[in-house]
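Residue-level listing of the chains:
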Amino acid sequence: MRVISGKYKGRKINSPINDNVRPTSDKVKEAIFAIIQGDVNGAVVLDLFGGTGAMAIEALSRGAKKAIICDASPASLDLIKSNLTFVDKSEYDVFKGDYSDCIRRMASLKQKADVIILDPPYSKGILERAFELIAKYDVLSEGGAIIAERKYSDEPIKKYYAHIYTRRYGNTDVDYYRNVKKCAVTGSFDPFTEGHKFVVEKALEENDFVHVVMMVNEQKTARYSVE
């Protein structure tokens, strides 16, 4: 593995010596940074499942201001530190502990991240628990982004933050989220009128993201189907 782009381009990233760590492939890593490149420049990036440190190092190479890397495994921490030897020490912090310890530590230090990278083990519930704690302790900046990897057969997390879109790469799905104000405009919209459009436009004046939710009123004879 190597750094793909930026000031550290071409630098070697040491790989794990066993299967306990599942590093993001260069193909998926390149795709992820194509998604978040606009968010990374000048950002504080939090990598909650550090593994090799490759994602945080790539972010620093591409202009991130600071990277905070977390991992609970002593072997992974040693690997991360070995991969940081060419990185300026002022650009990163390494926290020992699992994702929940790291989130609480960020909150206690009153630190917020502009970009959070989530690549947890594919064990049921870890990803949703991470989202829950990020929201509870308010460690994502306003307008900030989350990029999350998961097994393609699992569902994206639809609570807490606005799910913007999903991209699939082989057996991996990558979800992109933003910490934005959002609301829902609901109704049977039978049909959708200029008045309904006005309500949506007014909602967009105070929110970043609006869901228009088509509902069924069983007490009403519909002129148009939901479809």
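Here the structure is a predicted model, which is why all the values come from computation and not from measurement. Residue numbering note: each chain is counted from 1, following its sequence as written. Local features in this predicted model are restricted to residues whose pLDDT is 70 or higher, and side-chain atom pairs enter the listing and the counts only when it is 80 or higher, whereas totals over whole chains, interfaces and linings include all residues. Think of the side-chain values as coming from all heavy atoms in the structure, minus any hydrogens and water.

Draft legend 1. Layout of the overall build of the chain. Runs of E in the DSSP output that reach at least two residues are strands. Runs of H or I that reach at least four are helices, and both are numbered from the N terminus. Of the regular secondary structure elements, the chain holds six helices and nine strands. For the C-alpha atoms alone, the extent of the chain along its principal axes is close to 65 × 35 × 30 Å. Think of it in three bands: with a 1.4 Å probe and only protein chains considered, a residue is buried below 20% of the maximum accessible area for its type, exposed above 50%, and partly exposed in between. Taking all 227 residues of the chain together, the buried fraction comes to 44%. The convention is simple: Lys and Arg are positive, Asp and Glu are negative, and His and the chain ends are not counted. Note on charges: their place is set at NZ of Lys, CZ of Arg, CG of Asp or CD of Glu. In the chain, which carries 34 positive and 32 negative side-chain charges, the distance between the mean positions of the two groups comes to 3 Å.

Draft legend 2. The arrangement of the state of the cysteines in detail. Any two cysteine sulfur atoms lying within 2.5 Å of each other are counted as a disulfide. Inspection of the entire model under this criterion finds one disulfide. Paired through a disulfide, Cys 70 and Cys 102 show a sulfur-sulfur distance of 2.0 Å. One end of the pair, Cys 70, is in strand S2 (residues 66-71); the other, Cys 102, is in helix H4 (residues 99-108), with 32 residues separating them in the sequence. Assessed through its relative accessible area of 0%, Cys 70 is described here as buried.

Draft legend 3. The arrangement of the sheet that holds strand S6 (residues 162-169) in detail. Spatially, seven strands are ordered S3-S2-S1-S4-S5-S7-S6 in an open sheet, and the strand pairing comes out mixed. If you trace the sheet from one side to the other, it starts and ends with strand S3 (92-96) and S6, each paired once. Strand after strand, the sheet turns through a mean of 15 degrees between neighbouring axes, direction not considered. By the bridge criterion, five bridges tie S2 to S3 in an arrangement that is parallel. Across the sheet, Ile 68 pairs through a bridge with Asp 93, a residue of S3. Contacts between helix H3 (residues 74-83) and the sheet are confined to S2 and S3, with S3 contributing the most and set at about 170 degrees to the helix. Contacts were defined at the residue level, with two residues in contact if any of their heavy atoms lie within 4.5 Å. Working convention: axes come from line fits to C-alpha atoms, limited for helices to the stretch in contact. Angles between N-to-C directions cover 0 to 180 degrees. Where helix H5 (residues 126-137) meets the sheet, it contacts strand S4 (113-118), strand S5 (140-151) and strand S7 (172-178), and its direction lies at approximately 175 degrees from that of S5. Two strands qualify as a pair provided that DSSP identifies no fewer than 2 bridges between them.

Draft legend 4. Local environment of H5. Helices are assigned an expected span. That span is 1.5 Å times one less than the residue count. End to end, H5 covers 16 Å across twelve residues, agreeing with the expected 16 Å (1.5 Å per residue, within 8%). Turning to H5, its buried residues number three or more, namely Ile 126, Leu 127, Ala 130, Phe 131, Leu 133 and Ile 134. Looking down the long axis of H5, one finds its buried residues gathered within 165 degrees of arc, a one-sided arrangement. Just downstream of H5, Asp 138 is the residue with a positive phi angle, here 55 degrees. This arc is built from the directions going out from the helix axis to the C-beta atoms.

Draft legend 5. Focus on the pairing of S2. The element S2 is extensively covered by neighbouring structure, given that five of its six residues are classed as buried. Judged from the four bridges that link them, strand S1 (residues 44-47) and S2 form a sheet pairing that is parallel. Residue pairing for S2: Val 45 is matched across the bridge by Ala 67. Orienting the strands away from the viewer, one traces the path from the first strand over the helix to the second; a clockwise path indicates a right-handed crossover. Each parallel crossover has a hand, and for S1 linked through helix H2 (residues 54-61) to S2 it is right-handed.

Draft legend 6. Fine view of the nonpolar core. The biggest cluster of nonpolar side chains holds 31 residues, and the ones touching the most others in it are Ile 32, Ile 36, Val 87 and Ile 147. Only helix H1 (26-40), H2, S2, S4, S5 and S7 provide two or more residues apiece to this core. Not counting the four nearest positions on each side in its chain, Ile 32 is found in contact with Thr 24, Met 55, Ile 147, Glu 149 and Val 174. To define a nonpolar core, start from buried Ala, Val, Leu, Ile, Met, Phe, Trp, Tyr and Cys residues and group those joined through side-chain atoms within 4.5 Å. With 27 residues, the next largest nonpolar core counts Leu 46, Cys 102, Ile 146 and Tyr 161 among its residues.

Draft legend 7. Molecular detail of the side chain of Ser 141. For Ser 141, the position within the fold is in strand S5. According to the relative accessible area criterion, Ser 141 is buried, its value standing at 13%. Here the side chain of Ser 141 touches Asp 114 through a polar contact of 3.0 Å, side chain to side chain. With sequence-adjacent residues up to four places away left out, Ser 141 is seen in contact with Lys 112, Ala 113, Asp 114 and Asn 179. Nitrogen and oxygen atoms within 3.5 Å of one another constitute a polar contact, given that in protein one can donate a hydrogen and the other can accept it, and given that sequence-neighbouring residues count only through two side-chain atoms.

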